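Remarks on the overall topology
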Amino acid sequence: SNKRRIAISRLGSTLTPDTEAIATSFNDDDDDISDDDAIEKNSAENNNPIDMVNIVLTTGFESFNRDLYQKAGQLLPPPLSQNIHLQVFADSDIRSSPAEYATAVQNADLFIGSLIFDYDDVLAVSELLPNVKGPRLLFECATELMAFNKVGSFTMEAKQGGAGGSGSDGPPPAVKAILNKFSSGKEEDKINGYLKMLKVGPDLLKYIPGEKASDLRCWLEAYRYWNQGGLNNVKAMLQLVVQRYLTEQHQGGAVNETKQNELKSLTLPELEVTPDIGLLHPLLDGYASNPKSYMEWRLSPATSNLAKQRKFKLAPNDSPRIALLLYRKHVITNQRYIQDLITYFESEGLLPIPVFINGVEAHTIVRDWLTSQHEIEGVSHGTIVRDSTYKPNEATCVDAIVSTIGFPLVGGPAGSMEAGRNVDVAAALLESMDVPYVVASPLLLQSIPMWQSNGVLGLQSVVLYSLPELDGAIDTVVLGGLVGDKIALVPERVRKVCSRLRGWVNLRKTPPAERKISVMLYGFPPNVGAVGTAALLDVPNSLEQLLKRLHEEGYNVGDFATDPDASGQSLVAALAICSENSVIAGGSDKMQSAIEQRIQRAKNGDETVAETLARPGGGLAGATVLGKDMNFDELEKILGKYMAKKVRKSWPEKERGPGMNMKGEMVINGLQLGNVWITVQPLLGVEGDPMRLLFERDLTPHPQYTAAYEWMRLPEEKGGFGTDAVVHLGMHGTVEWLPGQPLGNDRQSWSDELLGGTPNIYVYAANNPSESILAKRRGYGTLVSYDVPPYGRAGLYLELANLKDLVNEYRSGEDSRSDLRDAIWGSCDRAGMTADLPFSFSVENSKGELDLSSVKVEDFDAWVADLSNYLVTLEERLFSCGLHTLGGQPTDKELLSYLNAYFDNKLTVDELEDVIALSHEEQKSTELQPRNSFLSWLQSFADNFMGDNSDISGTQTSDDEPLKEEALKIVELLKRNTEEMDGVLTALNGGYVKPCPGGDLLRDGTSVLPTGRNIHALDPYRMPSEGAWTRGQRAAEEILRQHQESNNGAFPETIAVTLWGLDTIKTRGEAIAIVLALVGARPVKEGTGRTVNFELVPLEELGRPRVDVLASLSGIFRDSFANIVDLLDDMFERASVAEESPDMNYIKKHCLDLEATGTERPAARLFSNPPGDYGSMVNEVVGNGDWDETESLGEIWRGRNTYAYGRSEGGGGVRSGTARPEVLDKLLSTTERVVQEIDSVEYGLTDIQEYYSNTGALKKAAENRKQVDPNSVAKKKVAVSIIEAFGGSDEKVQVKDVEDVLRMEYRSKFLNPKWRDAMLEQGSGGAYEVSQRMTAMVGWAATAEVDNFVFDQAAERYALDEEVAKRLQKNNPEAFKNVVRRLLEANGRGMWSTDDETIEKLRQLYSDADDLVEQVASSFG
C-alpha cells in the first residue's frame, strides 16, 4: 500500500534546505507538483454555480480559539458570508460527537485543520479527508495529516521516490529552495528559518510563472494569515480560500462572469503583522522589540508613575528577574491568562521579562537575548565563549527562565517530533546561563476539574514533563487549565511557582557562609538498623565527604572539616540514637545527654555502640542536637487551618502516630554543624502499619512528619531552622510518595505543601530513572545522580571450589574417573547442588540405597558436563560489590571490575589494565600540551606516510582497537564520578544541573555517564524500541516453548506479566513487547516514530492461539506510561471482539465466560493499585511478621490490585481507575505462568523486597484460585519465568524458572563470602543490606520456594560464624537482631528444616541481641 508521508510537520521539523534556485526548482519539477493522483480543480469541468460552500474548521491544540473562528466566519463580506456554511469543531468533538463530525466532513467543500496531534483524532480525520470536495488546508498537524494538504495542483502527498521525485520525503522543491535563503546554517535554527520564510515566501512566488506556483502561494498565504492569528487575519484567511474557491466554481458563462466580477471586486485585507517575537506587559502599549528596551521601559520612572496611576502593583526594580517564555498564539488571540500571569508575578515580587515566541525559537531567545551573572563572569574570565549570534545591544540579564510552553527548548512542538535530537544544544545553552530552567504552564488539553480529579494525563504529561526534562527542566508546576474552551489560571498555583523561583534565586544570592542547609537521611523501615542507609550508597562516608566539600566552598559546617577525629559514621550513630523510641519519648531536650552517655559507653569498650563514638568528642566535631517539641496548636499556626484540619481528622489525639514524646508533643530533632542541620526523615506511617499512609488517599502525613518539614522551613526568627535548601541524601525517601495528585501537584498534594518553595536537591541512584521521576515531579527534586558500586565476579568458594576441582579431575582423567563419582555426588549434596541440577536418571538401587555404580557412564558424563558448565556460569556471574561513596573516584581495581563486567571477556584482563594505565598517562600528558601536540603531529605524519594501519612504533592496529577506545572512554567517564559532588554544589548554588538519561553502564553504555547529572527517563511515546521489540518477541517465544515442553504441548490460556516503570525505562519497553507478542499484536508507529497503536496480527500469520494476559502494573508504570496503558487496553478490547474462534483466542474465550455472568468490562486486563496509591503492601506485612498462612499474602496482593486502568476506564479524563475484582479473579484463576524481567545486576530477585511482594504474591494469588488436583491433593503450582534483561543482547534471550534464578543469586551473592565481606566493610549500611536480604529470603520462601541449603548456609555465614556475627552486631545491632530473627521465623513457619542444636544456638543469639538492643534503648546511656 502507498503510505502517505509528510512533507512539512509541526512547523516543519523535517525540513531540509535545498541549494537549487527557486525558478529552476519550479521548471525542473513542474510535473512533480501536479501528479496523476491529484484531485483536479473543479474550475474547468464544472460551470454550474454553487449556492452554498460547506466549510469545516477543526481546532486541535487551540480549541480556545473556537469562538474566534466562528466569529471570523460571521464577519466575512456579504458576497461570501451568504454563500458559506461554516462549522467549527474542537478536537474533543471528534471523539464526543463522531457521527456529527463525520457527516460534516463528508459533506465539506473545504476543510481547514490546525494543531491536530492525537493519534485517534488523526486516524479519524485521515479517513474522512478524501471525501472533501475542494481544498484541504492543514496547519502544523501530525505528519499523516499534513500529507493531505491540497490546493489545486499543489499537494504535500509524497509520491514514490519521495516528494518531488527526489527519493526522499520533504517539502516541495520550491519550499526547499526558499528555505535555503532563510537558514542560518545551524541545525537547531532550521525551523526558525521556516517561519522567516513564511513572511516573504508568498511575495516571492508572485514572480514565479505558472498555475502551480499560484496554488502554492495560495496555501502559503493562508498559512501566513493563520500563523499571524487574531480575528482580522483569520477572517482574511477564510476570505482568501473561499473567494478563490467560489471564483473557480463560477468560471464561464454570463451569469458566472457577473458572479466572478462581484467576487473579484472584494479586496483581500492587509495582513496584520504581529512580531514573531517580542515582549509585552499590561502597562505597555504595543510590544517591546527586545529585552533590553523592555527593561529600560520597565525600570523607568514613567512606568512606575503609570503603575501608581492605575493602581498596578509592580515588583521592586531590584527584584529577581525572570524570563517568561510565552506562546505568541496566545498573545495575539488575547488570552487573558497571559496578562494575569504577568500581573501575578509582579505582585509576588518577581520582575517578569515576558517574551512571546511561536514556540520553535525558544533556544534562540536564551542564546541571543538572555544572559546571566554567571555567563557574564565566565565571558570576562575567558571560561565561557558566547555564540556569535548573541546580541549584546538587545540582551538582558536574568536570574531564572520559565517556559510556559513545555516541549523541548530547541524546536518546541516541532522539536518533539524527534525527542532528544537537540538536547546537547539546549543543555549547552542552559549550562552557560547556569540559572534554573523551570516549566510552568496551564493545561491546554485538560480542564481544571479533570486535572484536580485525575492529575495530568496522556499527551499533556509528555508536553509538560517528559520532553522538557530531557533538557534539564525542574520544578514543573501546573498553573491552570481549560474552563470550557478558555484558558484559566489557578492563582494559588501561580503563587507556588513564584515561591519556588524565589527559593532558587535567594539561594544563589545568599553567600555560602550564610546559607542554611538541611541534609535529610533515610531511616525506613523502623527498628531494623535502617537509619543513615540508602540504596547502593555509603551514606556515612558520603555525608562526611559532602560536609568537607561544603567547607571548601565556604559553607559554615562548624568544626567538622577541620577536626581530624570527625566521622560521618559518628553522625549517623548519633542520629540513630535520636531515632530510638525511648529517646524520642524523653523529648528533644534530653537527646544531647543521651548521645553523650552513649559516647561514654563507647569509650568504655561497649561493643553495641558505634566504634567511632569512642573518638575524641565522639567523632562528632562539636555537632549538637537542634530540635523542638511542638504541640498541635503550634503546628496549626505554621501549617494553616485548612491543612491542619485534615491532619486532625486523619490522626485523632489518641492515634497521633510516631515521633511523639510522653507529653504528646511532636519531637523534631537533628544535629547542627554551623549552618548545616542533619536529620532523619520522619517515619512514614505507624508501628505495625508502617506504610499505611500510602494506601489511603484521604489520609495525611502524621503530625510529626508534617511538623518536621514545616519547622525545617520556618524562618529562624519565628523559631524554626529557616533552611535555604534541603539535600535528600540517597535513594530514596518518602516525601515524594505522600498522598496527592499522581502527576501535577495541587494544593491538596502533601509533597507540595511540605516542600513549599524550598529547593530540593535529591541525590539519587543513576540506575533508577523510574522512581526518580516521582522525586523530580511530585517532590520537586533537582536530581544529582550517583554511580552504582563496582561489579564483582562471584567466583567459587568453599564447597563449590572443591566441587570444581573434582569435576575438572573427573573430566581430565581416565583411570580413576569411577572412583570420583561418589566424591562428586557427596560434594554436590553438601553444597545443595542436586537442586540446581537434578539427576535425569536413578541413583538408587532396588533397596533404595545410593548406588552410583549402576549409572551408565555416558549418562553420568553428560550430567558432569552440565555441572561443569553450570559452575562456570556461577563463577562468572556478576554482583554489585559494596556501596558507592558520593563523589568518590574509582580505584584502578574498581575500574577494572567495571570494565571486566562491561566487556565480558571481549578484552583480556591484561588489555584492560593497559587501558587503565594509558588513561593515567593521558591525564598526565594534558599537562604537557606542546609535547603532546608534537607527538600527535608525528603520529599523523606516520599515518600518512606509512599507511593507515601503522604508528610510530611500527605496531599494527588490531581488531580490538575500537573496543580499547571504548574502554578508555568508559574509564575517563568513570573518573568523572567527582562531578557527583560538583552537581550537588551547583544545585546548592542555585544553578543548572546538566541532564542525562538514567540507566546503568552494562545495559545502556556510556550514555548514562558521567554521573552527577539531573537524570531523566525516556519519551514514553517511543516504546517499545526496535531492540526491545526484537528481544520481547524472542522472550515470548521462549516462554511459550518452555511452557509447552512442560505441559504436553499445551499453550497457556493466561500469562501474567508484570509491567514496572524501572524495567520499562531501562529496557525501552521489553515487557510491553512480551505482552504484545503473547497476545499476537505488534506496534504501529506514525511518521515521527511515535508508537500510536498495537495492531492484532492475523491468526493465519500468528499460527497459534492468542494467549490472554493479566498485566500487573506498578503504580509508577500506571502514572508514567498512561499512553501505553490506553493503547494496551484498546488492543485487549479489540481482541475480545475479534471475529475469531474462542479456541484460538483465549482473551475472547474468557470474556465470553465473564459476559455470561453479567460482569462489566470483561476485557479489562491492566490492573494496579487504587488511583494515587503505590505498592502491594505484602513486603510491609512480611517485614512486620504480621501474617499467618502463605495464602494470605496472595490475598493481600489481590486486594491491593483490583483496579483496572485504560482508555475504556475513562483514562481520557472521566475517571482514572475502576475496581473490577470479578475480572481479576477470572484472570488469576486461569493464569498458568507469571513473567518478570530483572533489569540490572544491582537489583536482583533477592536484593529488594519488591520482587517477592509483587511477583511472588501474584503467583500465590493465582495458586489460591486453582482447583485441588485429586492425584496430588494439592493445588496446581503456577510457574514464574524470569528474564534477566541487563545484558541487552538481541542474539539470545534467556528465560529461567524463578527457583533456578533464586539459587543462582543466593549462591553468587548472599551466600558468597566475597559479597558478604564487601558488605561488612561498609559499616552500618552494609549490615543493613544483609538484614534486608534476610527478610526478602523469608518473603520468597512464603511465596515461592527457597531450598533448605540456602537457609543452612545463610545461618553459617551470618549468625553461626562468631567473627562475622560480632562485626554485624557492632556495625548495626538492630540489623543483626533481624538476621537472627528471620532465621528463627523461617524455622517456625516450616520454611527451613534444621537440627535442634542450631535452633537453640540461634535462640540464644537472638536473646543476647535483644537484650543488648533493649539495654541500649532502655536508657540514655
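Residues numbered from 1 in each chain as written. Predicted model: local features only at pLDDT ≥ 70, side-chain atom pairs only at ≥ 80, totals over all residues. Heavy atoms only, no water.

Points about the packing of aromatic side chains
Filter applied, for reference: For Phe, Tyr and Trp, where Trp contributes only its six-membered ring, two rings pair if their centres lie within 6.5 Å, and the inter-plane angle classes them as stacked under 30 degrees, edge-to-face over 60, or tilted in between. The way it works is that DSSP assigns letters per residue, a run of H or I at least four long becomes a helix, a run of E at least two long becomes a strand, and they are numbered from the N terminus. Accessibility here uses a 1.4 Å probe with only protein chains present; expressed as a share of the type maximum, an area under 20% marks a residue as buried, one over 50% as exposed, and anything in between as partly exposed. Whether a charge sits over a ring depends on NZ of Lys or CZ of Arg being within 6 Å of the ring centre and within 35 degrees of the ring normal.
Going through the model one piece at a time under the given rule, you end up with 26 aromatic pairs. Each ring, one from Phe139 and one from Tyr223, has its centre 5.2 Å from the other, and the planes form 5 degrees; the classification is stacked. One end of the pair, Phe139, is in strand S4 (residues 136-139); the other, Tyr223, is in helix H11 (residues 211-228), with 84 residues separating them in the sequence. For the pair formed by Phe139 and Tyr223, the shared burial category is buried. Pairing Tyr810 with Phe860 gives two aromatic rings, centres 5.6 Å apart and planes at 70 degrees, and the pair type is edge-to-face. One end of the pair, Tyr810, is in helix H34 (residues 798-812); the other, Phe860, is in helix H37 (residues 857-876), with 50 residues separating them in the sequence. Considered together, Tyr810 and Phe860 belong to a single accessibility category, that of buried residues. Ring-pair connections join several aromatic residues into one group, and the members of that group are Phe139, Phe154, Trp219, Tyr223 and Trp226. Seen from the ring of Trp1187, Arg1389 lies directly overhead, with NZ or CZ sitting 3.6 Å from the centre.

Topic: the environment of Asp434
Note the following rule: Any two residues whose heavy atoms approach within 4.5 Å at even a single point are treated as in contact.
Residue position: Asp434 is located in the loop between helix H21 (423-433) and strand S13 (437-447). Relative accessible area serves as the criterion here: at 10%, Asp434 is assigned to the buried category. For the pair Asp434 and Val993, spaced 559 residues apart in sequence, the C-alpha separation works out to 8.0 Å. Among all residues touching Asp434, those that are not within four sequence positions of it are His374, Arg508, Thr986, Gly990, Gly991 and Tyr992.

Focus: the pattern of salt bridges
Side chains that carry opposite charge are capable of pairing whenever their charged atoms lie near each other. The condition that has to hold: Any Lys or Arg side-chain nitrogen found within 4 Å of a carboxyl oxygen on Asp or Glu counts as a salt bridge.
Applying the stated criterion across every chain, the model contains 83 salt bridges. Arg95 serves as the salt-bridge partner of Asp121, at 2.5 Å between the closest nitrogen and oxygen. Placement of the pair is Asp121 in helix H7 (residues 119-128) and Arg95 in helix H5 (residues 91-96), with a sequence separation of 26 residues. Judged by its relative accessible area of 1%, Asp121 is buried. What you see here is one network of salt bridges that share partners, running through Asp1129, Glu1133, Glu1160, Arg1161, Glu1209 and Arg1220.

Concerning the sheet that holds strand S34 (residues 1231-1238)
Short version of the rule: Think of it this way: DSSP has to see at least two bridges between two strands before they count as a pair. Note on geometry: axes are lines fitted to C-alpha atoms, helical ones only across the stretch in contact, with angles between N-to-C directions running from 0 to 180 degrees.
Pairing is mixed in the open sheet, where eight strands are placed in the order S33-S32-S31-S30-S27-S34-S37-S38. Only two strands of the sheet have a single partner each, and these edge strands are strand S33 (1218-1219) and strand S38 (1295-1297). Where strand S27 (residues 1054-1059) lies against S34, four bridges are found, and the strand directions are parallel. Bridge pairing in S34 links Ala1056 to Val1234. Sitting on the sheet, helix H44 (residues 1026-1046) is in contact with S27, S34, strand S37 (1279-1284) and S38, with an inclination near 140 degrees to S34. Sitting on the sheet, helix H55 (residues 1298-1310) touches S34, S37 and S38, and the angle it makes with S38 is about 90 degrees.

These results come straight from atomic positions and should not be treated as a statement about function.
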